[in-house]
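Descriptive structure summary
Here's the letter readout for the chains.
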Amino acid sequence: MTDKIYSTSTLEFMFLLVHITGPSHSEDTISGDSWCYQGCDKDPPNWAKLIPSECGGSKQSPINIHTSVLTPDSQLRAFTFTNFSNPHSITRLINTGHTVRCTLEKNTVEVKGGGLKYNYSANEIHFHWGSENHPGSEHTVNDKRYQMEMHIVSLKKELAEEKAKQIPDGIAVLGFFIEEADEEETTEAWKNLISYFANITKIQTFVNVNHKISISDLLGDVDLNKFYRYNGSLTTPTCNEVVVWTVFKEPIKVSKDLVEQFPKTMNYEEIYRPIQNLNGRKIYASPAILSDGGHTWCYHDCEYVPSHWHMLPHSQCGGERQSPISINTKDVIPDSSLKAFTLTNFSSPHSIRSIENTGHTVNCVLVENMVEIGGGGLNHQYSALHFHFHWGSSSDSSVGSEHTVNSKRYPMEMHIVNIMKGLTMNEAKKHPEGLAVLGFFIEVVDEEHKERLDHGTGYIAQLKSKEFKMNCWKVLTSYLTQIQEKDSAVDVHEPISLDCLLGDVDRTKYYRYNGSLTTPTCDEAVVWTVFMQPITVSRDLVKMFPAKMGFNEVYRPQQCLHKRKVYISAAPTFAAPWPLLLLLNLLLAGWGSMSASKKG
Ligand SMILES: [Zn+2]
Ligand SMILES: [Zn+2]
């Protein structure tokens, strides 16, 4: 073991000792100012008193990353890493007494792109860890602390370390979380790296690396396009506020027993600095992060409320063909081409595969390639994907439909989302008629109303249909108790058909206009059909949506119509020439007066 330590010349070793005990070495320093993480006078709360020190500044690191207040930055594109896959770039491991530092081959490993202002030369990798029972990453995400954190420290190209520490963005650190994983998920690279630890158990010793270990091998399959960015500091004294931080979202997976080797063999633990105040700094997110989660927008209580949706990456929410809209019946244009739909498998009782809580709505996923729509004045054939709901609150008078008719907002709205046959979702979103959404208003009906119907003899058929319909809404809403957790889903086994849910709504009477999806990224690819007659659902069942999901008012406000027109399906009789219309009017008037006189 010891022969390995002295495998380089004694002279070089002596030089190294002098070097690493000198006053300046990137992130952590062993100097006369012998700071510590705990158990000495110069622990983190007292780092600000060291001389010199920027540790009491206002742009310190690490920080907690709140994913609900990220600022999207389209400049945060892919990095270009040079020699990350070079198996000889890690030359030496050093136990500094504060961390294990991997020295990188000089002027070999480079970092650029990724929205960085400069090109950087990486000179070291080091680690932060906790203890056997406590995680020890420096950054946290939504207050979650990962097991460990790895820092790749790079200096602005052609700058010496002392110089880099004095200019803004002089140092770029890439931070990677490390999470405990199963044995199988750990790469050979980590086993090889940690196998050297036995040779550096004493502080200020080093060992040369003979194994082929590349940085890429250590990173494994972490998605390098998903990262957070902010301006901060070194996380060890002298805490210079010159660091442009990149913290990658996805953690590296390393097995538990290897993670435990860090505190165990180094014999010091909890080597991370506590979270520092953000002090108004912004945390930026790469586009890959935002297109990923989909939960960064909301209807209220987050940064991306509807009025800010247009600022999301790839957003079309600020366009001139947005939905929903207010429909004013005095402005709609009759269109005789808006005929009946051809609805395939709407009567199938097994078309709903599962029901999920997306955090924004209740989404019912349909069995693939089963339900289809055509006709109805659509220029293409469409395949139904899923249907979901928009609602208000759980109060009795609550309204929450997205579209309104003559300013009336209904209690709920149901959307059946269909994709043009033969297109992928990405293709459909780019096609002006790629998607067709069928919108149905939902009106509440009270139990008393049902009872009143019970006594009327002439309403038996209608009542039966309503009872039947109520039953399938009862079945559908009974699944809501099983998906109260966000992102949870449940398979549907009981029979529920779309026909049953839609009930006796007249499907030949509808409004038509060109619009968008009503949630980010609001793609302007939707041919909208909004049916005039509402579905009626009992009040208790309507209330179950806000009550069981725990979120309210999930509808987008009205969008400007701009130059668009709204059309209305017209029964063929209205398209008849005017003498016929006149005759019809006369007949109707005659019938009206007849029935009036009869009643009178
Ligand atoms: Zn560090
Ligand atoms: Zn919708």
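- In the nomenclature of an unreviewed UniProt entry, the protein is known as Carbonic anhydrase of Paramormyrops kingsleyae.
- UniProt, in its Cofactor (unreviewed entry) section for the protein, records the words "Zn(2+)".
- UniProt lists a comment for the protein under the heading Catalytic activity (unreviewed entry), and it reads "hydrogencarbonate + H(+) = CO2 + H2O".

Let's talk about the pattern of salt bridges
- Counted according to the given criterion, the structure contains 14 salt bridges.
- Taking the shortest distance from any N to any O, the salt bridge between Lys157 and Glu110 comes out at 3.0 Å. Of the two residues, Lys157 sits in the loop between β10 (148–156) and α3 (161–164) while Glu110 sits in strand β6 (residues 110–113), which places them 47 residues apart along the sequence.
- Judged by its relative accessible area of 32%, Lys157 falls in the partly exposed class.
- Here Lys408 ties to Glu443 by a salt bridge, and the two come within 3.3 Å at their closest N and O atoms. Here Lys408 is found in strand β25 (residues 408–409), whereas its partner Glu443 is found in strand β27 (residues 435–445), with 35 residues between them in sequence.
- With relative accessibility at 36%, the residue Lys408 sits in the partly exposed group.
- Residue classification places Glu443 among the partly exposed positions, given a relative accessible area of 22%.
- One network of salt bridges, in which partners are shared, links Asp223, Lys226 and Glu250.

Description of the sheet that holds strand β9 (residues 144–145)
- Pairing is mixed in the open sheet, where three strands are placed in the order β1-β8-β9. Only two strands of the sheet have a single partner each, and these edge strands are β1 (64–65) and β9.
- Looking at chain direction, β1 and strand β8 (residues 140–141) are connected through two bridges and run parallel. Across the sheet, residue Asn64 finds its bridge partner in β8, namely Thr140.

A closer look at unusual backbone geometry
- Here Ser61 and Pro62 are connected by a cis peptide whose omega angle stands at 0°.
- On the secondary structure map, Pro62 appears in the loop between α2 (10–21) and β1.
- Here the bond from Pro520 into Thr521 is cis, since omega is 15°, no more than 30 degrees from zero.
- For Thr521, the position within the fold is in the loop between β29 (510–515) and β30 (526–531).
- Even without being glycine, Asn406 reaches a positive phi, approximately 50°.

Brief notes about the sheet that holds strand β17 (residues 326–327)
- Read across the sheet, three strands follow the order β17-β24-β25 without closing on themselves; strand pairing throughout is mixed. At either margin of the open sheet sits one strand with a lone partner, and together these are β17 and β25.
- In this structure, β17 lies alongside strand β24 (residues 404–405), joined through two bridges in parallel fashion. Counted as the bridge partner of Ile327 is Val405 from β24.

Some thoughts on the side chain of Ser137
- For Ser137, the position within the fold is in the loop between β7 (120–129) and β8.
- Within the structure, the side chain of Ser137 is placed 2.7 Å from the backbone oxygen of His139, a separation counted as a polar contact.
- Once you skip the residues sitting within four places of it in the chain, Ser137 turns out to touch Arg145, Tyr146, Gln147, Met148, Glu149, Phe177 and Tyr272.

Digging into the nonpolar core
- In this structure, Ile352, Ile355, Phe387, Phe389, Met414 and Trp473 are the most contacted members of the largest nonpolar core, which totals 58 residues.
- The residues touching Phe389, leaving out its near neighbours within four places in the chain, are Thr361, Val362, Cys364, Met412, Glu413, Met414, Ile442, Trp473, Leu476 and Phe545.
- One finds Trp47, Phe79, Cys102 and Leu193 within the second-largest nonpolar core, a separate group that totals 55 residues.

Focus: the state of the cysteines
- Tallied over the entire structure, the rule returns four disulfides.
- Across the disulfide, Cys55 is cross-linked to Cys239 (sulfur-sulfur distance 2.0 Å). On the sign convention where negative is left-handed, the bridge of Cys55 and Cys239, at about 80° about the S-S bond, is right-handed. Placement of Cys55 in the loop between α2 and β1 and of Cys239 in the loop between β13 (227–232) and β14 (243–248) is noted, with a sequence separation of 184 residues between them.
- Given a relative accessible area of 0%, Cys239 falls into the buried group.
- Between Cys472 and Cys500 runs a disulfide, and the two sulfur atoms are separated by 2.1 Å. Between Cys472 and Cys500 the sulfur-sulfur dihedral comes to about -110°; the bridge is accordingly left-handed.

Quick word on the confidence of the model for the protein
- With 84% of its residues at a pLDDT of 70 or more, the protein shows a mean pLDDT of 87.
- Overall, residues 1–32 carries pLDDT values under 50, and its contacts beyond four positions in sequence, including any with other chains, amount to 65 contacts.
- Throughout residues 451–461 the model reports pLDDT below 50, and contacts reaching past four residues in sequence, or to other chains, amount to four contacts.

Reading the values: the criteria
Residues numbered from 1 in each chain as written. Chains lettered and ligands numbered in written order. Predicted model: local features only at pLDDT ≥ 70, side-chain atom pairs only at ≥ 80, totals over all residues. Heavy atoms only, no water. UniProt positions renumbered as here; feature names shortened; annotations may be inferred. Salt bridge = Lys/Arg side-chain N within 4 Å of Asp/Glu carboxyl O. Helix = DSSP H or I, 4+ residues; strand = E, 2+ residues; numbered from the N terminus. Buried < 20%, exposed > 50% of the residue type's maximum accessible area, 1.4 Å probe, protein only. Pairing = 2+ DSSP bridges. Polar contact = N/O pair within 3.5 Å; in protein donor to acceptor, adjacent residues only side chain to side chain. Contact = heavy atoms within 4.5 Å. Core = buried A, V, L, I, M, F, W, Y, C linked by side-chain atoms within 4.5 Å. Disulfide = S-S within 2.5 Å. pLDDT = per-residue confidence, 0-100.

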